[in-house]
Structures are given as C-alpha cells and as structure tokens.
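# Secondary and tertiary structure notes
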Amino acid sequence: MDQIVIRGGRTLSGSLQISGAKNAALTLMPCALLSEEPLTLRNLPRLADIDTFGHLLNNHGVSTTIEGTNPDEFGRVMTLRANRITSTVAPYDIVRKMRASILVLGPLLARAGEATVSLPGGCAIGNRPIDLHLKALEALGATIELAAGYVKATAKGGLPGGRYVFPMVSVGATENALMAAVLAKGESVLDNAAREPEIVDLCRCLIAMGAKIDGVGTERLTIQGVTKLHGATYAVMPDRIEIGSYACAAAITGGTLELLGAREDQLGATFAALREAGVAIGPTARGVSVSRANGLHGVTVSTAPYPGFPTDMQAQFMAMLCVADGASLLTETIFENRYMHVPELSRMGADITVRGRSAVVRGVPKLVGAEVMATDLRASMSLVLAGLAAEGETVVSRVYHLDRGYERLEEKLSGVGADIERISDG
C-alpha cells in the first residue's frame, strides 16, 4: 500500500494549477445517460473516482473515449456516448466503492423507465441515507422498492413530473431529482434545492444539452420536461475544495501561492474564514493569490450547506488552526462522524478537544512529524497539511483516499517547494 512521506518545515511559494472539480465531474458524467448523442467533458481531473464512475457507466452501455493522456498534463477530455442503455442495474461490486454511484439512479429512470441500483458506499464519515433521493423521485412519479440491498425505481411510460420540497438541503438528492426531471412529461418544481456551485454546473451542462431549467443558483428549480436531450461539450468547473485546501497549505507554511484557474466567487465562506484567520487573498490575472499576512489566529467556524462553510473544508481548516494563535471552535453540522482525523493530528502534537459535534482547537507553537493513517478523503488532506508544517518527517498511510480526490498531489506540492514523495510497496 502506498505511503506519502513529508519532511516538513518548508515555506511554499510559486504557482499551482487547480484541477477540474471532482464533485462536479461525478455529477456531469451520468448526464451522458440522458442522451443517445455524445457528451464531451473537458477539464476532467485524473482521479480514481473518475475511473470508477467511468467503469460504472460502461456497465450501462456508455462508451468512453479519453483524450489528454500525456502524463505531463493536468486534466483530460472524455467523450461519453450512450447510444443504447444495455443495463439498468448498477451492481454492488462497483457501487460500493463510491457513494456518487447513486447518481445513475435518476438518469437511468428518466431514460429507460427503470433503474436498479445498489445502496452506495464511500467515505466512512457518518450516516448518509438516500431517503431524500427516493422521496424526490417518488414525488416526480416513480415507484420505489427496496430489496436485498438494492433500490429499484420504475416509471412505466415515463415520469409525469411533480413537486418536491426538500425537508433539508441535500446536494446528491437535488442532483438525482434534477437529472430525472429533465426528461419528465410535465413540469417539475424542486423547492429548498441545494445551491452549490456544482449544482449550478450541472444545470448549465443540462441546459447545454437542451434541458429547460429556470431558477439556476436559487433554492427553487423549475424544470420543463423535454422529450430528448442532445449532445454537448462542457468544461468542468475548477475544484473549489482543492482551491481551499491549497490555500490552507499556503497559510500553514507561511508561504505565498498563486492558485491558477481559481475563482474567488465560488469560495465566499471559505475565503471569508481564511481572511478572518489572518490569510491574505486577492485576485490575479491567472487565478487567486494566497499568503499568510501577519500570523494565524483562532476563529469560530460552523459548517453549513452552500453558501455556508463547506463540510469538505472542515478537516483542512482544522489542521491549519492547529498552529494558529489562541483557540478556535469548529462545529460540524452536516455529518456526525467527521472528526476521525483528530486522533491522528493529536499524534503530531495538536491540542484538540472534541465535544459532540464541536471541536476546540488550541494552537500550539509547532507540530511534530509522526506516522499517521488517513481515514477519509478530506481527513487525508488535513494530515498532509499538518505534515507540511511539522518539524521532522510525517508518513501518511492509506493514501488511496487522497487519490480519490486530489489530482497528482505530491507533484503539485513539490512543484511549489514541499519536500514530499510517494513510496510504493510495488
């Protein structure tokens, strides 16, 4: 199993290319199921999750062609074409590897009138039921059955469309319902819909394919169903979580990074919290510049649905605050089991106390390198960040989590001055 070894204490400086957003790409790829014409996605990150989702779509009859295979280049171009749906079953052996696999449910149901999808897997960060996905699809006219670990959704004769009010904001459920509604026979209204930039990206891609969607970027999406969608070419948005993660890398090492391709408009709450902690952020001709101004100091942050502070940035922010002056309070409101990185950070000398969904982080003068183990994707990045600032050597195990969400991480960081390498056991 691969490990990442970091010899900390180096100040990061230079330019770093931001990749296409993993969460957006995994939402755009299943759009190919909605049309018999090709969907070409540009700026697709080179990640394990992208490959896994590609295999799942192949299982349904989607052909995938990849350009940009030069290992010296970031990003790829993938053309997906579903001339014919050959299977409406998403099997357990593929779906268990990645929670995003549930996003084939809505498009398969809309295009083929039925879908049988295994209950999903993914990071072990707490209970993430799919009941809102199913209730939203039922509101659009689907019949839902659960049996033997599978969801079976049917809509003989097609979905009629309908209205659903989400009792709580759910990104995945909004995405599934949205993809199902675009081919419904009538109008659908999704109230209290998620407003994340990835949702906006999905809407724009679907509109490029011929969908009729009003209210993009708001909590009410109104969709007029169409009989068919056509092909399109669409560029995946920059990864806002990667932007935030590397901004924390600049801050925790006292360095300055220009994040190429970054867009400040997608990171309002994240950048606001960074600025409050003492990080200077400003636009450049090619992206965004991030540097530590006059030392870090403690802040109070609570995760929330967009436009609030993203749960996917909580672990990285915590790592940065481990070396800030004073105390910080972090509250996790989205997932109930997302502090599994705390014991590992504590092994490196961090002073963190967890009480329920809140964590008090008291800044320490320095962190010390140690052998640590990643527990999930974002926790993995928090350990890398801590290792960059730590005195001595840090060895991070279970880095397959990182490979799910950060494209060529060690290459990017070494390019801006980090002493980091991957060690493979062959």
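Residues numbered from 1 in each chain as written. Predicted model: local features only at pLDDT ≥ 70, side-chain atom pairs only at ≥ 80, totals over all residues. Heavy atoms only, no water.

## Topic: the packing of helix α8 (residues 240–253) against helix α10 (residues 314–321)
- In the contact formed by α8 and α10, the axes pass within 9 Å of each other and the chain directions differ by 5°. Considering their axes alone, α8 and α10 lie roughly parallel with respect to each other. Touching I241, S245, C248, A251 and I252 of α8 are Q316, F317, A319 and M320, all from α10.
- When the residues that make up the contact of α8 with α10 are grouped by side-chain class, the tally is 7 nonpolar, 2 polar and no charged. (Axes fitted to C-alpha atoms, helices over the stretch in contact; angles between N-to-C directions. Helix = DSSP H or I, 4+ residues; strand = E, 2+ residues; numbered from the N terminus. Parallel < 35°, antiparallel > 145°, perpendicular 65-115°, else oblique. Contact = heavy atoms within 4.5 Å. Nonpolar A, V, L, I, M, F, W, Y, C, P; charged D, E, K, R; others polar.)

## A word on the UniProt feature "binding site: UDP-N-acetyl-alpha-D-glucosamine" (unreviewed entry) in the chain
- When the UniProt feature table is mapped onto this chain, "binding site: UDP-N-acetyl-alpha-D-glucosamine" (unreviewed entry) is found at R99, R128, P129, I130, D131, L132, D312 and I334.
- Setting aside chain neighbours within four positions, we find I130 in contact with R99, I102, L119, P120 and V151.
- Ignoring sequence-local partners within four residues, the contact set of L132 consists of Y164, F166, P167, M168, S170 and A173. (UniProt positions renumbered as here; feature names shortened; annotations may be inferred.)

## A few points about the domain arrangement of the chain
- Domain annotation of the chain identifies domain 1 (3–18 + 238–423) and domain 2 (22–235).
- Relative to domain 2, the C-alpha centre of domain 1 lies at a distance of 30 Å. (Domains from an automatic or database assignment.)

## Concerning the pattern of salt bridges
- Enumeration according to the criterion identifies 24 salt bridges in this entry.
- The residue E198 makes a salt bridge to R240 at a minimum N-O spacing of 2.8 Å. Placement of the pair is E198 in helix α7 (residues 197–208) and R240 in helix α8, with a sequence separation of 42 residues. The same class applies to E198 as to R240, namely buried. (Salt bridge = Lys/Arg side-chain N within 4 Å of Asp/Glu carboxyl O. Buried < 20%, exposed > 50% of the residue type's maximum accessible area, 1.4 Å probe, protein only.)

## Overview of the packing of aromatic side chains
- Evaluation of the coordinates by the stated rule reveals 2 aromatic pairs.
- Seen from their ring centres, Y164 and F166 are 4.9 Å apart, and the 90° between their planes marks the pair as edge-to-face.
- Taking 5.2 Å as the distance between ring centres and 70° as the angle between the ring planes, the aromatic pair formed by F309 and F317 counts as edge-to-face.
- Since its relative accessible area comes to 6%, F309 is described here as buried. (Phe/Tyr/Trp six-rings, centres within 6.5 Å; stacked < 30°, edge-to-face > 60°.)

## Overview of the environment of E198
- E198 gets classed as buried once you look at its relative accessible area, which sits at 6%.
- Counting along the chain gives 19 residues from E198 to G217, while the straight-line C-alpha distance between them is 9.8 Å.
- Ignoring sequence-local partners within four residues, the contact set of E198 consists of N23, A24, E175, M237 and R240.

## Focus: the sheet that holds strand β21 (residues 358–362)
- As summarised here, the arrangement of the 4 strands in space is β18-β19-β21-β20, forming an open sheet in which the pairing is mixed. For this open sheet the edge positions go to β18 (300–302) and β20 (351–355), each flanked by a neighbour on one side alone. Within the sheet, the average angular offset between the axes of one strand and its neighbour, ignoring direction, is 15°.
- When β20 meets β21, the two strands line up antiparallel, connected through 5 bridges. Pairing of V354 across the sheet is with A359, part of β21.
- Set on the sheet, α10 makes contact with β18, β19 (327–331), β20 and β21; between it and β19 the angle comes to about 170°. (Pairing = 2+ DSSP bridges.)

## Digging into the side chain of S328
- Within the secondary structure, S328 is located in strand β19.
- Since its relative accessible area comes to 3%, S328 is described here as buried.
- In this structure the side chain of S328 is engaged in a polar contact, spanning 3.1 Å, whose partner is the backbone nitrogen of V299.
- Setting aside chain neighbours within four positions, we find S328 in contact with G298, V299, L321, A359, V360 and V361. (Polar contact = N/O pair within 3.5 Å; in protein donor to acceptor, adjacent residues only side chain to side chain.)

## Quick word on helix α12 (residues 377–389)
- Among the 13 residues in α12, 12 count as buried, and that is most of the element.
- Every buried residue belonging to α12 is among L377, R378, A379, S380, M381, S382, L383, V384, L385, A386, G387 and L388, and all of these are buried.
- Two or three places before R378, at the start of α12, stands the capping residue D376, its side-chain oxygen 3.2 Å from that residue's backbone nitrogen.

## Here we look at α7
- Spanning 12 residues, α7 covers 16 Å between terminal C-alpha atoms, matching the ideal 16 Å at 1.5 Å per step.
- Burial analysis of α7 places 9 of its 12 residues in the buried class, the great majority of the element.
- Burial in α7 covers these residues: P197, E198, I199, V200, D201, L202, C203, C205 and L206. (Expected span 1.5 Å × (residues − 1).)

## Description of the sheet that holds strand β16 (residues 279–283)
- Reading across from one edge, β2-β15-β17-β16 is the order of the 4 strands in this open sheet, with mixed pairing throughout. The open sheet has two free edges, formed respectively by β2 (13–17) and β16, since each of these has just one partner strand. Direction aside, neighbouring strands of the sheet carry axes that sit 20° apart on average.
- When β2 meets strand β15 (residues 256–260), the two strands line up parallel, connected through 5 bridges. Across the sheet, S15 pairs through a bridge with E258, a residue of β15.

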